[in-house]
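# A structural walkthrough
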Amino acid sequence: KCGMSPPGPAWPRLRVLQALWALLVVLLAPWRLWAIKNTQECTWQVVLNNFETVGKKDASDRFVDQEPLYTVDKVFSLLVDAPIDPDETYLGFPYYLKINYSCKGESSEALVRKGHLTGLKPVVLVTFQSPVNFHRWKIEQLQIQMEAAPFRSRERCNAEEVCLMSWYTPMPIKNGSVVMRVDVSSNGLGPFIPNKRFQVNINGFLERQRDNTLQFTVGNELFNLIPRYFVNVPSRPLWYTVDQAPVFILGGIPEEKAILLTDTNFKDFFLVELSIDSCWVGSFYCPQTSFTATIYDAIATESTLFIRQNQLIYYFTGTYTTLHESNRGSERWVRVLANECIKKLCPVHFHSNGSEYVMALTTGKHEGYVHFGTITDGRVSFELLPRQRSVCNGILVVNCSITWAVFIAGDYNLLLLVEIEDPSTRKYFQVVSYDLVSDYLVVLYTIPEFIPDARGLEFLMVLGTESYTNFPMVPKGMSYNPYNNLLFIWGNFLLQSYNSENFIYLADFPKELSIKYLVNSFYGDTAIVTETEEIWYLLEGSYQVYKLFPSKGWEVHVSLQVMQQSSLYAPNETMVTLFYEDHRLYQLVYLIDNQQGRLVKRLVPVGQLLMYQQISNDYLLERQGSHLTLSFTNFCPFTVMRLRDLPNPQIYTRQERYRAQPPRVLEPGGFHSDNSLAVYQGLVYYLLWLHSKYDKPYADPVHDPTWRWWKNKKQDQDYYFYLASNWRSAGSVHVDMASYEKIYDLKAENELPERIFLDKGTSYRFSVFLTARDLRGGASLGLAVVLADPECIEAVVKEKVLVNRNSVLFWVTLSDKRFCFDQGISGHHLMKTSMLLKVAGSSGHCFQNTHQGPRMQGNLMVPVLIGCPPGKRLAFDITYTLEYNRLQNKHYFDCVHVAPEMPCFLFRDIFYPFFLIQDLVTGDSGSFQGSYVLKVVGGGPTQDTIKEYSEEDIYRFNSPLDKTGSLIWTTRNTTTTEDSAFNILSHNSLGIEWLCMENSPCHDTIPHSIFASEFFFKVLVSNRGVDKSTYCDYQLTFQLHIHGLPLSARRAFLILMVSASLFVGLVILYVISCLLSPYVVKVCNVLCWKINNIIAWESYIYSIASDTRAFSNTSGTKSGESSGGISRVVSMVAGENKTDTKETLRKKPIS
């Protein structure tokens, strides 16, 4: 018999019945031969490279750096004749994805060369996980599809063209996202390689040292996986926030304060010894009997890790600048609840309200309380619940203990599994609900003391009237799925309920076993691990529990793997943990092979195991003549199941997708260089930057984020193509503008989407095609649709029997009922529910053969999210607003200083605003036809002086009920809100008239120049409470520039009086100047003449004096005579000058 020892898997004894082997040959031969004949066992390989390691063989890096690189911009400066903006600064991401592939039994290097020569190009689809904190980051489902670029290795090569090569794409980063999913597929050329998914997450618990090495911030890495860490050690659950945690941690290593840490979902991992103090505080309120270094509980969230050692709780916040916009990482482990004795940590698998949660159960002095932890942006806080009194006092018992806690975010309450000790009776358990809003406790269900007697039934409704066995019920925990409201209570039994009050006992699980933990995929599958390390499986919606290990199916599977020499199985193995990834069940197993130990992650093929088990139990050997024939019964009610008529997925999945291709290189072999890869980095970065900046209030004329990129370059597209065709592009790189776009028309892939978003009254319609085994022989096919919340959604199924094709076609329409959700912001506070599609009689019996092995058929669960879908927004339609205002007002006057991004509107004109509903996912953009409320919530004379108004001011400035003379605007519309506080507008409204009354902030605005006054209004537009056509609360805040504001009457009169006074004064001055101008001119002429005369006389005297001094120096012997002569001469000259002067004065008036 094949089995596992209690600590983990053991090597099976290969004793298989001859008939079973024959059966397997018959069953497996067809699809195995098909797979071998048509496909080669090939797989993609992806590693991370930084700029320095590109082209190096066997180089790989960890995702640590999160800041963009500025070195890329230098390469763009070389592209002088390319369709790029030379004024822009182009940045790059710090990493590349290096892509190869390998096939079993062949050289990877030769395969990659062959693939390149046959036209193979990997296509990489990077999906960014939306953030937890939607208050800081926008909720969106974003993808970017990139084609990989071939690149030669830097290793020495003797070949003429290429020896080693790989493909590369940029590894993009998005603010608010630390979890990235990378899907690699083929472009359809070359060999067939199945699609493969990789987790590429940012590790915020590593830091780069000065010598460029990486070191953990949480502790020290251990490089030796000692067998005692894993051999004969019980497995433990893996706890984390679903879809949000970039790093997983796993404790349970005996007597070591060490954890397993991975950022790739255990594709690889690290053993880290934590740098905690490992102290133990025992006291009278903390009944700890022993001390151990073992980390018992470990929980990973988006940016914070939690561990429990003994009674102490620690947390560590990683360094994630993409989440927190600053370095908020912890420098060391932080101990919380230091004065409490914590006996257990309970995970909360889903985030809500922009935060993540964790719960700590206490013992000792605070027995009966729960410490409720909230993690927001890496900040951790705990609250003691219940707030007023303990759970024991709330349910009126003396002694009680909380065994488990579950947080239901949709109802904002806690479900508590409470153990009650009653001195007069035995211990018993109750399920207690605690409302976090009202602080109210209520007992929902009392668990029976003994296990019910099912009497051969698969399940039993527990009503209290059934008979019971002598086995006591020992509850140990609970598990809750928020999508289908399914609650499990588990221990040495399994109870399930859809309303937390009425429970069903699943009798297939043996009462002799005890469940250690449950693993939920939250997509309809649940795995169960017992204390003896057995693995069981439950398909939600059915009541059958299947034993996967140990089982006959497991024996067959392991035997086949050994025959194929698989490296994932060994004679001695121990299961470390069990977890779901992409709806598939995986094991982390410690193998010892040839005295060498190693940890491996391997798939648990649930479909194969169930198929092997079913066939091994239901076969017949019948003698026909002289030989035996093998026959078996197929319990599947159909032979073919197909999904048809699926609508285009994006409108329901809300996936935004961009496409980017590498720039064309002018190189004969098509190989890229460092520069061309850097250009690829910059183009992808700029494409995502345009996406992030597109969410602005003023709508562009074209609804596409890439429109602004190429709007001024499109007319030169043929010229750039001409340069590339003639190998004359600058930098030997050609940038094709059509290679960077947003995709709006994705087609369905014949399978239901991963999730469906439903707005108010919307529907999702598809068909299911089933081919029966013998429809004419009286067999029937039934399709059931199970809704988790039938009061909120409804399903209509229409059947069409195709007798000639032995088939049945079912049309399924899933619709929202229009009243289960209030209005909310796009992507916020969505209600979780689900739809389960189930073919009657198919559970555990129907399988579909694929190249990856059998896959279960007949049960399809689709999560449904009700509310305002992500990717919808309200935008100010400035283009149509300008056109309509010009038409209605017969003119349009813009500001003197024109701003193209924010046109002005004239104060005295009636203002007619129009808005657009834009779907960022499908590209639809249309006029908003609903009602809305417009409020001025801020303003100022300049953009820099805009201030926010208080609630009281907003009411005074916008309400038609205002009596204080503070209104900023009014309208001739008479429709108001229910309390008449605000006007209700629509696209048919009569426009807005600006008032700026006396007590409003825009009244009497002083102009800053000779031009008219201006004012900037901050306007809020919302349809909340007034538009019943959608669940979306469209909130748009934008700035409105108004010019030509009038002055107040007092200031205008004052300016008039001052202006009039100045004018009158100027007129009087002009008249006086006209009357006195002749006299003024005459006086001025006389003054000028006198001044000129004086100047001339002084000049003459100075010249005569100079001549006299010269003469006296030359004739000094006859001084006396000379002096007398000179004096006479001077007097004579003076007399002559005087006479001339008199004559001149007499002649002057005549002239």
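Residues numbered from 1 in each chain as written. Predicted model: local features only at pLDDT ≥ 70, side-chain atom pairs only at ≥ 80, totals over all residues. Heavy atoms only, no water.

## Brief notes about the overall build of the protein
Stated formally: Numbering of helices and strands runs from the N terminus; a helix is a DSSP stretch of H or I covering at least four residues, while a strand is a stretch of E covering at least two. Radius of gyration here uses only the C-alpha atoms, and the compact-globule reference equals 2.2 Å multiplied by the residue count raised to the power 0.38. Only protein chains enter the calculation, and the probe is 1.4 Å; a residue is then buried if its accessible area is under 20% of its type maximum, exposed if over 50%, and partly exposed in between. Only heavy atoms enter the contact rule, under which two residues are in contact if any of them lie within 4.5 Å. Using the Shrake-Rupley algorithm and a 1.4 Å probe, accessible areas are obtained, with residue cover drawn only from the displayed protein chains. Charge counting treats Lys and Arg as positive and Asp and Glu as negative, with His and both chain ends excluded. To locate a charge, take atom NZ for lysine, CZ for arginine, CG for aspartate or CD for glutamate.
Scanning the protein for helices and strands turns up 15 helices and 69 strands. A compact globule built from 1151 residues should have a C-alpha radius of gyration of about 32 Å, whereas the protein, at 43 Å, is more than 25% larger. A principal-axis box enclosing the C-alpha atoms of the protein has dimensions of 175 × 85 × 75 Å. A buried classification covers 52% of the 1151 residues belonging to the protein. Look at the contacts in the protein between residues 6 or more apart in sequence, and 64% of them connect residues 24 or more apart. Accessible surface computed for the protein: about 54500 Å², of which carbon and sulfur atoms make up 53%. Distance between charge centres in the protein, computed from 105 positive and 113 negative side chains, equals 3 Å.

## Brief notes about the UniProt feature "transmembrane region" (unreviewed entry) in the protein
Inclusion rule: UniProt positions are given in the numbering used here, feature names are shortened, and annotations may be inferred rather than shown by experiment.
Mapped onto the present numbering, the UniProt feature "transmembrane region" (unreviewed entry) falls on residues 1052-1072. The span residues 1052-1072 shows a helical share of 100% and a strand share of 0%, and its end C-alpha atoms are spaced 30 Å apart.

## Here's the deal with the packing of aromatic side chains
Keep this limit in mind: Aromatic pairing here means that ring centres of Phe, Tyr or Trp (its six-membered ring) are within 6.5 Å. Orientation follows from the plane angle: under 30 degrees is stacked, over 60 is edge-to-face, and everything else is tilted. Over a ring means this: the NZ of a Lys or the CZ of an Arg is within 6 Å of the ring centre and within 35 degrees of the ring normal.
For the structure shown, the criterion picks out 59 aromatic pairs. Aromatic pair W239 and W404: ring centres 6.1 Å apart, planes at 75 degrees, arrangement edge-to-face. One end of the pair, W239, is in strand 14 (residues 239-240); the other, W404, is in strand 26 (residues 399-408), with 165 residues separating them in the sequence. Judged by relative accessible area, W404 falls into the buried class, the value being 10%. Between F1015 and F1017, the aromatic rings sit 5.0 Å apart at their centres with planes inclined by 45 degrees, giving tilted as the arrangement. Across the pair, exposure class does not vary: F1015 and F1017 are buried alike. Among the aromatic residues, ring-to-ring pairing joins F76, Y90, Y686, W689, W709, W710 and Y740 into one connected group. In this structure, K601 is placed above the aromatic ring of Y586, and the distance from its NZ or CZ to the ring centre is 4.8 Å.

## Overview of helix 13 (residues 951-958)
Definition in use: The arc in question is the one traced by the directions running from the helix axis out to the C-beta atoms.
Within helix 13, the full set of buried residues consists of I954, F957 and N958. Angularly, the buried residues of helix 13 cover 80 degrees about the axis, an arc narrow enough to put them on a single face. Turning to helix 13, the residues buried within the fold contact strand 64 (933-940) and strand 66 (969-971).

## So, a nonpolar patch on the surface
The test is simple: Patch building starts from residues that exceed 30% relative accessible area and form no salt bridge, then joins like charges within 9 Å and nonpolar side chains (Val, Leu, Ile, Met, Phe, Trp, Tyr) within 5 Å. Just to be clear on terms, a salt bridge is a Lys or Arg side-chain nitrogen sitting within 4 Å of an Asp or Glu carboxyl oxygen.
Together, F1063, V1064, V1067, I1068, Y1070, V1071, I1072, L1075, L1076, Y1079 and V1080 line one region of the surface with nonpolar side chains, adding up to about 1100 Å² of accessible area. Secondary-structure assignment places V1064 in helix 14 (residues 1049-1114). By relative accessible area, V1064 is classed as partly exposed at 44%.

## Quick word on the state of the cysteines
Put simply, the rule is: Cysteine sulfur pairs qualify as disulfides if the two atoms are within 2.5 Å.
Enumeration over the complete set of coordinates arrives at seven disulfides. With its sulfur 1.8 Å from that of its partner, C392 forms a disulfide with C400. Residues C392 and C400 are joined by a disulfide whose S-S torsion is about -95 degrees; by sign, that bridge is left-handed. Each member of the pair, C392 together with C400, is buried. The side chain of C792 participates in a disulfide bridge whose partner is C820; the two sulfur atoms lie 1.9 Å from each other.

## Examining the side chain of S729
This is how the line gets drawn: What qualifies as a polar contact is a pair of N or O atoms within 3.5 Å, subject to a donor-acceptor requirement within protein and to the restriction that residues adjacent in sequence count only when both atoms come from side chains.
On the secondary structure map, S729 appears in the loop between helix 11 (717-725) and strand 49 (733-734). Given a relative accessible area of 10%, S729 falls into the buried group. A distance of 3.3 Å separates a polar side-chain atom of S729 from the backbone nitrogen of A724.

## A few points about the confidence of the model for the protein
Definition in use: The pLDDT value tells you how sure the predictor is about a given residue, anywhere from 0 up to 100.
The predicted model of the protein has a mean per-residue pLDDT of 88, with 91% of residues at 70 or higher. Taken together, the stretch residues 1113-1151 has pLDDT below 50 and engages in eight contacts with residues farther than four places along the chain or on a different chain.

## What to know about the nonpolar core
To be explicit about the condition: Side-chain atoms within 4.5 Å are what join buried Ala, Val, Leu, Ile, Met, Phe, Trp, Tyr and Cys residues into a set we call a nonpolar core.
Within the largest apolar cluster, 103 residues are counted, with the highest numbers of intra-cluster contacts made by M171, V218 and L261. In this structure V218 touches F205, L261, V272, E273, L274, S275, L305, F316 and W333, once residues within four positions along its chain are discounted. Among the nonpolar cores identified, the runner-up in size contains 59 residues, and L385, L416, I451 and F503 belong to it.

## Describing the pattern of salt bridges
Oppositely charged side chains can form a pair if their charged atoms are brought close together. For the coordinates displayed, the defined rule picks out 41 salt bridges. Here D674 ties to R154 by a salt bridge, and the two come within 2.6 Å at their closest N and O atoms. Of this pair, D674 sits in helix 9 (residues 674-693) while R154 sits in the loop between strand 7 (149-152) and strand 8 (165-170), and the two are 520 residues apart along the sequence. Judged by relative accessible area, R154 falls into the partly exposed class, the value being 42%. The partner of K872 in a salt bridge is D759, with the nearest N and O atoms 3.6 Å apart. Of the two residues, K872 is situated in strand 60 (residues 872-876) and D759 in the loop between strand 51 (756-758) and strand 52 (763-772); the sequence distance between them amounts to 113 residues. Residue class for K872 comes out partly exposed when judged on its relative accessible area of 24%. It is possible to trace a salt-bridge network through shared partners that takes in R181, D183, R197, D582, E754 and R755.

## Examining helix 12 (residues 878-889)
Defined as follows: Every helix has an expected span of 1.5 Å times one less than the residues it contains.
In this model helix 12 runs 16 Å from its N-terminal to its C-terminal C-alpha over twelve residues, within 8% of the 16 Å that 1.5 Å per residue would give. Residues of helix 12 that are buried: I878, T881, L882, N885 and N889. Viewed end-on, helix 12 has its buried residues packed into an arc of 100 degrees, placing them on one side of the element. Tucked into the core, helix 12 has its buried residues touching strand 60 and strand 61 (904-906). K890 occupies a position one or two residues after helix 12 and carries a positive phi of about 65 degrees.

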